[in-house]
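Residues per chain, in single letters:
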Amino acid sequence: MPGVLTATVHQLKIGLQGAAPPLWRRIQVPSAASLGFLHDVIQVAFGWEGYHLHRFQDGRGREWGEPPVQDGGGYMAAGFADEEEADLGKVLRAEGAVLEYVYDFGDSWLHRIEAEKIMPLDPGVTYPRCTGGRRAAPPAEDIGGIWGLEEVVYLVTHPEADPPEHFEDLVCHLREKVYDPGAFDPGELTVRLSGLTVRTAAKATRTRPRRMVRSRQAGDSQGRAQAARGPAGHRGTPAVATR
């Protein structure tokens, strides 16, 4: 019918930049979803806990994130447009369009998001869903970013190596649970994604999973101040939070 828009789905390839071998996820998300909802999807897909700040940025330099958070002395502006007011389909308008997502301005986990396909929404499918990927998610936060991940993976897969003190507890834990850095199951991730309720830009609310609300309130002031400046360098000795 003329004038009627067909609901669509964005098939996204989301890769953790700098990871070798590549670490990525292929996820289908309704095009009408807000970038705030896409943030939640990425958090689940890569095993993040939501304890740190994040931001989206496109090739034109436009940035989206959470609005300023009240913190004792007032509001600390991060200078981002509200991610809940931007929808995926209008930010990534065509196949091949790319968006950047940074999580944790200290460790600077940089994700590259590419719109591989834009296709009609299938009413018989539950979205979001994962249709592919490679490698296990990082096993912990606050490990020094991609360089820390490489070190942890090496230590776990080389039991003869003695881990440094700041990684000792984490590495011993991962060795005991027989952590496999190459393991990934798209079906298992789809099950976890099914716990998310799609938020659209038109109907977006500030309601997020409890752990994410808690993290915003507990975020350190240094991280909030860095939000306006963009990602910082390598963090010092990490305080490891295991999963």
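See above for the structure.
So, how was this worked out
Residues numbered from 1 in each chain as written. Predicted model: local features only at pLDDT ≥ 70, side-chain atom pairs only at ≥ 80, totals over all residues. Heavy atoms only, no water. Buried < 20%, exposed > 50% of the residue type's maximum accessible area, 1.4 Å probe, protein only. Helix = DSSP H or I, 4+ residues; strand = E, 2+ residues; numbered from the N terminus. Pairing = 2+ DSSP bridges. Salt bridge = Lys/Arg side-chain N within 4 Å of Asp/Glu carboxyl O. Contact = heavy atoms within 4.5 Å. Axes fitted to C-alpha atoms, helices over the stretch in contact; angles between N-to-C directions. Phe/Tyr/Trp six-rings, centres within 6.5 Å; stacked < 30°, edge-to-face > 60°. Lys NZ or Arg CZ within 6 Å of the ring centre and 35° of its normal. Expected span 1.5 Å × (residues − 1). Arc of directions from axis to C-beta. Parallel < 35°, antiparallel > 145°, perpendicular 65-115°, else oblique. Left-handed = near helix turned anticlockwise from the far one by under 90°.

Moving on: the pairing of strand 2 (residues 24–30). Where burial is concerned, most of strand 2 is hidden: 7 out of the 7 residues are buried. What you see with strand 2 is no split at all: Trp24, Arg26, Gln28 and Pro30 on one side and Arg25, Ile27 and Val29 on the other are buried throughout. Sheet topology places strand 1 (residues 8–16) next to strand 2; 7 bridges connect them, and they run antiparallel. Its bridge partner lying in strand 2, Gly15 is registered against Trp24. Sheet topology note: the strand 2/strand 10 (residues 129–134) ladder contains 5 bridges and is antiparallel. Residue pairing for strand 10: Arg26 is matched across the bridge by Gly132.

On to the pattern of salt bridges. Considering all chains together, one arrives at 8 salt bridges under this definition. Between Arg55 and Glu100 there is a salt bridge, with the nearest N and O atoms lying 3.2 Å from each other. Remark: Glu100 occurs in strand 8 (residues 98–103) and Arg55 occurs in strand 3 (residues 54–58); sequence separation between them is 45 residues. With a relative accessible area of 24%, Glu100 lands in the partly exposed category. Put simply, Asp40, Glu84 and Arg199 are held in one network by salt bridges that share partners.

The strand order 7-4-3-8-9-1-2-10 describes an open sheet built from 8 strands, whose pairing is mixed. Each end of this open sheet is capped by a strand with a single partner; those strands are strand 7 (81–82) and strand 10. Sheet strands in contact with helix 5 (residues 186–193) are strand 2 and strand 10, and its direction is about 140 degrees off that of strand 10.

Taken as a whole, this structure holds 3 aromatic pairs when the rule is applied. Arranged with centres 5.3 Å apart and planes meeting at 35 degrees, the rings of Trp48 and Tyr103 form a pair that is tilted. One end of the pair, Trp48, is in the loop between helix 1 (35–45) and strand 3; the other, Tyr103, is in strand 8, with 55 residues separating them in the sequence. Take Trp48: its relative accessible area is 2%, and that puts it in the buried class. The interplanar angle of 45 degrees and the centroid separation of 4.8 Å between the aromatic rings of Trp48 and Trp109 together place this pair among those described as tilted. With Trp48 in the loop between helix 1 and strand 3 and Trp109 in strand 9 (residues 109–120), this pair connects stretches of sequence that are 61 residues apart. Note on Trp109: relative accessible area 2%, which makes it buried. The rings of Trp48, Tyr103 and Trp109 are connected pair by pair, giving a single aromatic cluster. Stacked on the ring of Phe46, the Lys or Arg Arg25 has its end atom at 5.4 Å from the ring centre.

Now for helix 4 (residues 165–176). With 12 residues, helix 4 ought to run about 16 Å at 1.5 Å a step, and its terminal C-alpha atoms sit 17 Å apart, in line with that. Three or more residues of helix 4 are buried, namely Phe167, Leu170, Val171 and Leu174. Buried residues along helix 4 cover an arc of 100 degrees about the axis, so they all sit on one side. For helix 4, the exposed residues lying more than 90 degrees away from the buried face are Glu165, Asp169 and Glu176. The positive-phi residue at the C-terminal boundary of helix 4 is Val178, with phi of around 55 degrees.

Let's shift gears to the packing of helix 1 against helix 5. With their axes 10 Å apart at the nearest point, helix 1 and helix 5 run at an angle of 135 degrees to one another. Regarding the angle of helix 1 to helix 5, the classification is oblique. For the element pair helix 1 and helix 5, the recorded crossing hand is right-handed. For the pair helix 1 and helix 5, the contacting residues are Val41, Val44 and Ala45 in the first and Leu189, Arg192 and Leu193 in the second.

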